[in-house]
Amino acid sequence: MNAKLIAFSGFVTTVVGGGIGFIIANLFPCPYTSQMYQHLEQKYALVGAVAGLLIGSSQETIRELKQERDAEEDLLRDFNKAIHSNTNKRVVGK
């Protein structure tokens, strides 16, 4: 697996998720004024960034694992073709 590509994908989606969280917090202002509702922009941006990191890294990891699995399947398919073509030549030659 390409760890650099997974990290880059996680970083990019972290930035995008944080930006989306910040925009959502500013588009829909909270009408409440208690201490719990202070600095919602930062909290939404943090939640968006963490979600982006998890989603981006997971998606890229799955894509990398799928590529590895497909390469292994192709190798096994080629190996089976080679075995079957070799055994067919022996049967025909007898």
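Reading the values: the criteria
Residues numbered from 1 in each chain as written. Predicted model: local features only at pLDDT ≥ 70, side-chain atom pairs only at ≥ 80, totals over all residues. Heavy atoms only, no water. Salt bridge = Lys/Arg side-chain N within 4 Å of Asp/Glu carboxyl O. Helix = DSSP H or I, 4+ residues; strand = E, 2+ residues; numbered from the N terminus. Buried < 20%, exposed > 50% of the residue type's maximum accessible area, 1.4 Å probe, protein only. Patch = residues over 30% accessible without salt bridge, like charges linked within 9 Å, V, L, I, M, F, W, Y side chains within 5 Å. Areas by Shrake-Rupley, 256 points an atom, 1.4 Å probe, with all protein chains shown as cover. Phe/Tyr/Trp six-rings, centres within 6.5 Å; stacked < 30°, edge-to-face > 60°.

A. Up close: the pattern of salt bridges. Per the counting criterion, the structure on display carries 6 salt bridges. For glutamate 73, the salt bridge goes to arginine 69, with nearest N and O atoms at 3.8 Å. Here the residue glutamate 73 and the residue arginine 69 both occupy positions in helix α2 (residues 40-93), the gap between them amounting to 4 residues, near one helical turn. With a relative accessible area of 38%, glutamate 73 lands in the partly exposed category. Residue classification places arginine 69 among the partly exposed residues on the basis of a relative accessible area of 44%. Notably, a salt bridge pairs arginine 77 with aspartate 74, separated by 2.7 Å at the nearest N-O pair. Linking arginine 77 with aspartate 74, this pair stays in helix α2, spanning 3 residues, or about one helical turn. The structure contains a network of salt bridges with shared partners spanning Lys66, Arg69, Asp70 and Glu73.

B. Focus on a nonpolar patch on the surface. The grouping of Phe8, Phe11, Val12, Val15, Val16, Ile20, Phe22, Ile23, Ile24, Leu27, Phe28 and Tyr44 at the surface amounts to a nonpolar patch, some 1,200 Å² of accessible area in total. Looking at the nonpolar patch, the element that brings in the most residues is helix α1 (residues 3-27), giving 10 residues. Examined against the element boundaries, phenylalanine 28 turns out to sit in the loop between α1 and α2. Given a relative accessible area of 61%, phenylalanine 28 falls into the exposed group.

C. Region of the structure containing the packing of aromatic side chains. Taken as a whole and judged by the stated rule, the model has 1 aromatic pair. Between tyrosine 32 and tyrosine 37 the ring centres are 5.0 Å apart and the planes differ by 35°, which places this aromatic pair in the tilted class.

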